[in-house]
Amino acid sequence: MNKEIDNLSVNAIRILSADAIQKANSGHPGLPLGAAPAAYTLWSRHMKFDPLAPQWINRDRFVLSGGHGSMLLYSLLHLFGFGLKIEDIMNFRQLDSLTPGHPEYGHTAGVDATTGPLGAGLGMAVGMAIAERHLAAKFNKEGLPVIDHYTFALAGDGCMMEGISSEAMSLAGTLGLSKLIVLYDSNNISIEGSTDIAFTENVRKRFEAFGFQTLLVEDGTDIEAIDKAIAEAKADTERPSLIEIKTKIGAGCPAKEGKSSAHGEPLGVENVKALRENLGWPIEESFVVPDEVYENYASLAENAAKAHADWDALMKEYAEKYPEDMKLFNEYMGEAGDAAAKLYDIPDFAKDQEGAVATRNASGQIINILCKVLPNLIGGSADLAPSTKTYMNDCGDFSKATPEGRNLHFGVRELAMGAIGNGIMLHGGLRAFVSTFFVFSDYLKPMARMSALMKLPTTFVLTHDSIGVGEDGPTHQPIEQLATFRAIPNMLTFRPADYTETAAAWYTAMNSTSRPVSLVLSRQNLPALPSGVGKNAVRGGYIAAEAEGAPDAIIIATGSEVGIAMEAKAKLDAKGINTRVVSMPCVELFDEQSETYKEGVLPSSVTNRVTVEAASTFGWDKYASKHIGIDTFGASGPADLLYKKFGITADAIVEALS
Ligand SMILES: Cc1ncc(C[n+]2csc(CCOP(=O)(O)OP(=O)(O)O)c2C)c(N)n1
Ligand SMILES: [Mg+2]
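Residues numbered from 1 in each chain as written. Chains lettered and ligands numbered in written order. Predicted model: local features only at pLDDT ≥ 70, side-chain atom pairs only at ≥ 80, totals over all residues. Heavy atoms only, no water.

Asks: Looking at this structure, how should I read the pattern of salt bridges?
Replies: Pairing between side chains of opposite charge can happen when their charged atoms approach one another. Within the structure shown, the criterion is met by 25 salt bridges. Note that Lys141 is salt-bridged to Asp325, the shortest N-O span being 3.4 Å. Note that Lys141 is positioned in the loop between helix H5 (120-139) and strand S2 (151-156) and Asp325 in helix H12 (residues 323-332), a separation of 184 residues in sequence. Taking the relative accessible area as the measure of exposure, Lys141 reaches 26% and is therefore partly exposed. Residue Glu201 is joined to Arg206 by a salt bridge in which the shortest nitrogen-to-oxygen separation is 2.4 Å. For Glu201, a relative accessible area of 39% gives the class partly exposed. What emerges from the salt-bridge pattern is a single network uniting Asp6, Arg45, Glu224 and Asp227. (Salt bridge = Lys/Arg side-chain N within 4 Å of Asp/Glu carboxyl O. Helix = DSSP H or I, 4+ residues; strand = E, 2+ residues; numbered from the N terminus. Buried < 20%, exposed > 50% of the residue type's maximum accessible area, 1.4 Å probe, protein only.)

See the structure below:
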């Protein structure tokens, strides 16, 4: 190893980061300066990737969990030739640049995950490692490891303080995800100063308790020590590894090193100058990197990319020897056939509901159809599968010993579950769903938001959707959650009314390519809508029952309240008020329909309207001025009595429209 070029190359990361943050007059230099040696060692000596094919499925993943250190990643992507130009580095944090404040998946080539909310990256990394292990178990053959890569996460003190790190790492330890390697940028500093003021636990011991191999690098500038630790981490084939790397925040900048002021503000023009001098950086001009450094990175990149060429050759052999598996692999990768688009061809999927059915049960039946036609469907629940009806029969359980299983057991860890679902989707090759009670969506909501932000079609199965849960009482009865989920941009929230609407919701979810879908499902039985209408749920809102003649009144309802609306319609019709029932299982999809369609469903001439939903009325004003809903917390008691207590009744609807 040539020490000098290594040092220059590490310093190039530091200088580019400092220059970019200084020019933007905004950003976080502390992490890139302190963690540059660790990142350089990892990328130059251990990771396999191909800058010309940043999405190559068998690349090693790198998640910068401390997303505030984005300039570290952008410097790496520039230097390794991922297409980020020096102009992009100069445009750091500027509007529409390829170098936004925090790394954004899908926006900048080479960014494997959007990070910024601390700790989330650790959860997503676990999801990626699960995906790797599952796909490896499914496809690898003797001598032909189709999927065989590491997932690296770089996390700081903040990530370690966040609860999600414990949720995610505890599961990773249990699952023995040995190809997950966490590099801990341990600098004892966060925003308010020394971490001693709020964080004194022994992180390594904690990870040891989770079932990790734990390693310590005392000097975070020692490339050889870091190299050795990463090699040791890779060598453990039983346990995931944590490498605590002691670093100094803002390393190399004399006035800032080791100080919290290095965390989140530009170093200052004078300090950037001092950094250059202190590091012996040969060039005074900003954003200029010596040719020899670029050459070094180019040759390292070429080396890292050899793995891709080798893999291409391997796949050729795989295709020859195992054509059936190859076909399936391509199906997993979404390159062959499209089973999801043909779901309605399956008789049971499109069937009419028989008798009264809870939509969670309908969903359970549908999941068990889906898992047969979509072999890459994988998912599970946060310890509630028997209640959320998400278990896929005959698909096995994912565990350390049985990684080919498709039922995931997240344990009682909703937040990590959301992040892991996203991590699986980020990995590619699989379609993930996660599940819990709707009221506990509050515990995973930040990750639902992240799926929407990253444009990932993760599916959220959220049951026990209202006061209809009954006796468990207000802690278990969602009220404002529907409004909250509907307010998340780029997410579809479905609250289906019967089996066929539930099928339509799943159809939408399985065919979604760039946004998550949430299914909000009832615990209690619901009657079937008239035969055939439920399929229209794919339009978000539709006429579930037409008025006789021109409508005088419209009831807009969702989920369990559509049945009540039907009862009310009968009473209103009998009174001579011609009533239309509009089922609105997905407000967001309805809003996307053409004006003509929407006017057809909700004619502006019909102003006598009421919305009915056993939840907060927030958000319904756009369709009607009268609402039947619940703007208080619920109560404990039998569901039918609760519906009466809170006035969600056919009589209340009749009164509102009479
Ligand atoms: C969930 C979440 N809470 C708070 C923040 C704001 N924040 C950004 S960085 C940071 C401190 C992080 O400290 P550390 O991970 O040690 O990073 P370092 O200062 O060492 O770079 C905080 C509180 C955030 N990004 N995400
Ligand atoms: Mg820190």
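Asks: Looking at this model, I keep getting lost on the coordination of the magnesium ion (ligand 2). Mind explaining?
Replies: Expected angles at a metal are 109.5 degrees for tetrahedral coordination by four donors and either 90 or 180 degrees for octahedral coordination by six donors. Within the protein, the atoms that donate to the magnesium ion (ligand 2) are Asp157 (OD), Asn187 (OD1) and Ile189 (O), at distances of 2.1 Å. Within one chain, the residues donating to the magnesium ion (ligand 2) are spaced in sequence as D-x29-N-x1-I. Of this pair, Asp157 sits in helix H6 (residues 157-161) while Ile189 sits in strand S4 (residues 189-190), and the two are 32 residues apart along the sequence. Across the pair, exposure class does not vary: Asp157 and Ile189 are buried alike. (Donors = N, O, S within 2.8 Å, 3.2 Å for Na, K, Ca; no water.)

Asks: What exactly am I supposed to notice about the environment of Phe410 here?
Replies: Relative to the helices and strands, Phe410 resides in the loop between strand S10 (407-409) and helix H15 (414-427). Relative accessible area serves as the criterion here: at 2%, Phe410 is assigned to the buried category. Considered as a pair, Phe410 and Ile420 are ten residues apart in the sequence and their alpha carbons are 9.0 Å apart. Contacts of Phe410, omitting those with residues within four sequence positions, involve Leu171, Gly380, Ser381, Ala382, Met417, Ile420 and Val434. (Contact = heavy atoms within 4.5 Å.)

Asks: Would you explain the environment of Phe433 in this entry?
Replies: Here Phe433 is to be found in strand S11 (residues 431-437). Taking the relative accessible area as the measure of exposure, Phe433 reaches 0% and is therefore buried. On a C-alpha basis, the gap between Phe433 and Glu167 in space is 18 Å, while along the polypeptide they are 266 residues apart. Excluding residues that lie within four positions of it along the chain, Phe433 makes contacts with Ile367, Leu377, Ile378, Gly379, Gly380, Thr390, Met392, Thr459, Val461 and Trp506.

Asks: What should I look at first to understand the sheet that holds strand S19 (residues 609-612) in this one?
Replies: Two orientations exist for strands paired in a sheet by backbone hydrogen bonds: parallel and antiparallel. Overall, mixed pairing links the five strands, which are arranged S16-S18-S17-S19-S20 in an open sheet. One side of each edge strand has no neighbouring strand; the edge strands of this open sheet are strand S16 (542-545) and strand S20 (626-628). Here the average twist between neighbouring strands, direction ignored, is 30 degrees. The sheet contact formed by S19 and S20 spans three bridges and is parallel. Note on S20: the bridge partner recorded for Thr611 is His627. (Pairing = 2+ DSSP bridges. Axes fitted to C-alpha atoms, helices over the stretch in contact; angles between N-to-C directions.)

Asks: Is there a simple way to explain the site of ligand 1 in this structure?
Replies: Taken together, 15 residues surround ligand 1, and among them His68, Gly116, Gly158, Asn187 and His263 come closest. In this structure, an oxygen atom belonging to ligand 1 sits 2.8 Å away from a side-chain N or O atom of His68. Its free accessible area being 580 Å², ligand 1 has 74% of it covered by the protein chains. Those elements that place two or more of their residues in the shell around ligand 1 are H6 and S4. Grouping the amino acids of the shell around ligand 1 by side-chain chemistry returns six nonpolar, seven polar and two charged. (Near = heavy atom within 4 Å. Polar contact = N/O pair within 3.5 Å; in protein donor to acceptor, adjacent residues only side chain to side chain. Areas by Shrake-Rupley, 256 points an atom, 1.4 Å probe, with all protein chains shown as cover. Nonpolar A, V, L, I, M, F, W, Y, C, P; charged D, E, K, R; others polar.)

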